[in-house]
Structures are given as C-alpha cells and as structure tokens.
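What follows is the residue order along each chain.
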Amino acid sequence: MEQEIRINKYIADAGICSRRAADKLIEDGKVIVNGKVAESGQKVSRNDTVIVDGKEIKSADSKVYLLFNKPVGVVCTADKKEKNNIIDYINYKTRIMYAGRLDKDSEGLMLMTNDGDLIDSLMRAKNAHEKEYVVEVKTPIDKNFIYSIRNGVYLEELDVTTRKCKATLINSKSFRITLTEGHNRQIRRMCEALGNEVTALKRVRIVNLLLGDLAVGKYRNLTREEAKTLFTAINYKKGKNHG
C-alpha cells in the first residue's frame, strides 16, 4: 500500500515552500487533489494528482542541499513576474526554495533546498539559529555604536526591540554581527535607528555553514559533514515529520 502523508508535507517535500506556507495555499483554495479542492490535514500519496497554483507537483525522492552566494540585485521570491527572481537565476534542475531570505540589496550565503521540513526548522524564530553578517556603513562608528547594537535596538517601524547579539568592530566603517532572529531588513533598520546607513551587507555564515571562497552567483552542494553538523546543531532528524 502506498504510504500517505499530510498534504502540507507533500507540498513541502516537493520543494514548493515550507509547510506553513503550504497551509496558507490550502486555506486559499490553491491546492487541488484529484480534481477536488484540498482540505487542511488531508493525506495524499504519490499516486494522487496534486496541483498547486495550476501546476502539477511531485514529492521529491532525493533531498537537495545547496549553498548559494546571492549577488546584489537577485530577489528572494519564486514569483516569475520578478525578472531577477532567485529560482530562475540559479536555474537548478530540481525545484528548490530558500531557507531564509536576504533582501535585494544584500549579498552572501543562502541555503537552498527541497527539504521543506528543514526550511520550517530553520525559519522558526524560537530556535534562535545563528546567522553572521559583515556590514559596511556610511559614517564612522565606534565601540559605543557596537555596544548599542549588542544590547538591542528599538525598531519603531516594527515596534520591537532586537535581541541581544554578538557584534565586533572591524574598522571605522564596518562591523561583524551575529543574529539569532530575522526581522525584515533588521540590520539596516538597526543602523538607521542609530543614525547611520548600511552601504553593503553580506551574510557569511548560517549556523555551521560558511560562505568561504564560494564565488558570487555560484552554488555548491553541502558536504556530507556540513549537512550532518547542521542537522545535529538544529536538532533536525531528516525524514522525520516535525510538528
């Protein structure tokens, strides 16, 4: 008998989006199973015909884990209307999605995968996974600026105070910062709140994964050791159904 799994996991395993985003697609009536609108919690198998946003999908048999050095100007979206969307830019043979965004004006390390459960695990704010950035700013900064960054900055537009974080001065116009959260354009907003402006922003690490010498616009597969260390660090069991 063909194994059945929940429809949101099936969609995530196909590399379309995270399970949380799949739930929204189902809720909006954009998922069709065997000619009928899918219901939340419904179970499907590989023998079923699943259509998402008008396109038939298949759950992926093998998982893909890529490190990608996103250039400035590439947009983290799967929307084909955006000519610089990241999916078309990479043009990978298997449908993949990003585990965490970088804004259009930023560059650096991204994890691309068709493992929806891994995306869910990495995206949960409560899990506090580390992401490290190198930031250049417009006007000179000093240790007082770094002290303020480390201890949390109130972002008026979002009405939140950022978590305490690691930050070190590189020189008078650049610093290194490690975040465990991901508010929209957070680092840019933090600098603006402190009277400065980001001129360049690069992500150099996600948990144990390092940008290293990966060229801008290029990608590579994670090594087995990198994947193993990542899964252990975030307590992720590949193939298990995470709630």
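Rules of the game
Residues numbered from 1 in each chain as written. Predicted model: local features only at pLDDT ≥ 70, side-chain atom pairs only at ≥ 80, totals over all residues. Heavy atoms only, no water. Helix = DSSP H or I, 4+ residues; strand = E, 2+ residues; numbered from the N terminus. Rg over C-alpha atoms; globule rule 2.2 N^0.38 Å. Buried < 20%, exposed > 50% of the residue type's maximum accessible area, 1.4 Å probe, protein only. Areas by Shrake-Rupley, 256 points an atom, 1.4 Å probe, with all protein chains shown as cover. Lys, Arg positive; Asp, Glu negative; His and termini not counted. Charge placed at Lys NZ, Arg CZ, Asp CG, Glu CD. Phe/Tyr/Trp six-rings, centres within 6.5 Å; stacked < 30°, edge-to-face > 60°. Polar contact = N/O pair within 3.5 Å; in protein donor to acceptor, adjacent residues only side chain to side chain. Contact = heavy atoms within 4.5 Å. Pairing = 2+ DSSP bridges. Salt bridge = Lys/Arg side-chain N within 4 Å of Asp/Glu carboxyl O. Core = buried A, V, L, I, M, F, W, Y, C linked by side-chain atoms within 4.5 Å.

Asker: Honestly, the overall build of the protein in this entry has me stumped. Any pointers?
Answerer: The number of helices and strands found in the protein is 7 helices and 17 strands. Taking 2.2 N^0.38 as the reference for a compact globule, 243 residues should give roughly 18 Å; the C-alpha atoms of the protein span a radius of gyration of 19 Å, in line with that estimate. Considered along the principal axes of its C-alpha atoms, the protein spans approximately 65 × 35 × 35 Å. Per-residue burial for the protein yields a buried fraction of 48% across its 243 residues. Summed over its atoms, the accessible surface of the protein is roughly 13300 Å², and 46% of this surface lies on carbon and sulfur atoms. Computed over 44 positive and 33 negative side-chain charges, the separation of the two mean positions in the protein equals 3 Å.

Asker: For this particular structure, what's the right way to read unusual backbone geometry?
Answerer: Of all residues except glycine, most have a negative phi; of all peptide bonds, most are trans. Residue Asn91 is not a glycine yet carries a positive backbone phi of 55°. Inspection of the secondary structure puts Asn91 in the loop between helix H3 (86-90) and strand S8 (97-98). The exposed category is assigned to Asn91, whose relative accessible area is 61%. One non-glycine residue with positive phi stands out, namely Asp159, at about 55°. Relative to the helices and strands, Asp159 is located in the loop between strand S11 (154-155) and strand S12 (160-161).

Asker: Looking at this model, I keep getting lost on the packing of aromatic side chains. Mind explaining?
Answerer: Where two aromatic rings form a pair, the distance of their centres and the angle of their planes describe that pair. Under the definition given, this model contains 5 aromatic pairs. Each ring, one from Phe68 and one from Tyr89, has its centre 5.9 Å from the other, and the planes form 50°; the classification is tilted. With Phe68 in strand S7 (residues 65-70) and Tyr89 in helix H3, this pair connects stretches of sequence that are 21 residues apart. Exposure remark for Phe68: the relative accessible area of 0% places this residue in the buried category. When its relative accessible area of 41% is taken as the criterion, Tyr89 is described as partly exposed. Between Phe145 and Phe175, the aromatic rings sit 5.5 Å apart at their centres with planes inclined by 70°, giving edge-to-face as the arrangement.

Asker: Looking at this structure, how should I read the side chain of Ser106?
Answerer: Relative to the helices and strands, Ser106 resides in the loop between S8 and strand S9 (107-113). Side-chain polar atoms of Ser106 contact the side chain of Arg188, separated by 3.0 Å. Ignoring any residue separated from it by four or fewer positions in sequence, one finds Ser106 in contact with Lys70, Pro71, Val72, Arg188 and Leu201.

Asker: How should the sheet that holds strand S3 (residues 36-37) be read in this particular structure?
Answerer: Each strand in a sheet pairs with another by means of backbone hydrogen bonds, the pair being arranged parallel or else antiparallel. Spatially, 4 strands are ordered S3-S2-S5-S6 in an open sheet, and the strand pairing comes out antiparallel. The open sheet has two free edges, formed respectively by S3 and strand S6 (55-57), since each of these has just one partner strand. Two elements, strand S2 (residues 31-33) and strand S5 (residues 50-52), share 3 bridges in a ladder whose sense is antiparallel. Across the sheet, residue Ile32 finds its bridge partner in S5, namely Ile51.

Asker: Just to check I follow, could you spell out the pattern of salt bridges for this structure?
Answerer: Two side chains of opposite charge can pair, provided their charged atoms sit close to one another. Taken as a whole, this structure holds 15 salt bridges when the rule is applied. Among the ionic pairs, Asp120 bridges to Arg19, the shortest N-O distance being 3.6 Å. Here Arg19 lies in helix H2 (residues 19-27) and Asp120 lies in helix H4 (residues 116-123), a separation of 101 residues in the sequence. On the accessibility criterion, Arg19 (8% relative accessible area) is buried. Several salt bridges converge on common partners, so that one network encompasses Glu130, Glu132, Lys166, Arg176 and Arg205.

Asker: I keep staring at the nonpolar core and nothing clicks. Help me out?
Answerer: The tendency in soluble globular proteins is for nonpolar side chains to be buried side by side. The biggest cluster of nonpolar side chains holds 54 residues, and the ones touching the most others in it are Ile86, Leu111, Phe175, Ile177 and Ile187. Once residues within four sequence positions are removed from consideration, Phe175 is found in contact with Tyr133, Val134, Val135, Val137, Ile141, Phe145, Ile146, Thr168, Leu169, Ile170, Ile187 and Cys191. One finds Ala14, Val33, Val52 and Ile57 within the second-largest nonpolar core, a separate group that totals 17 residues.

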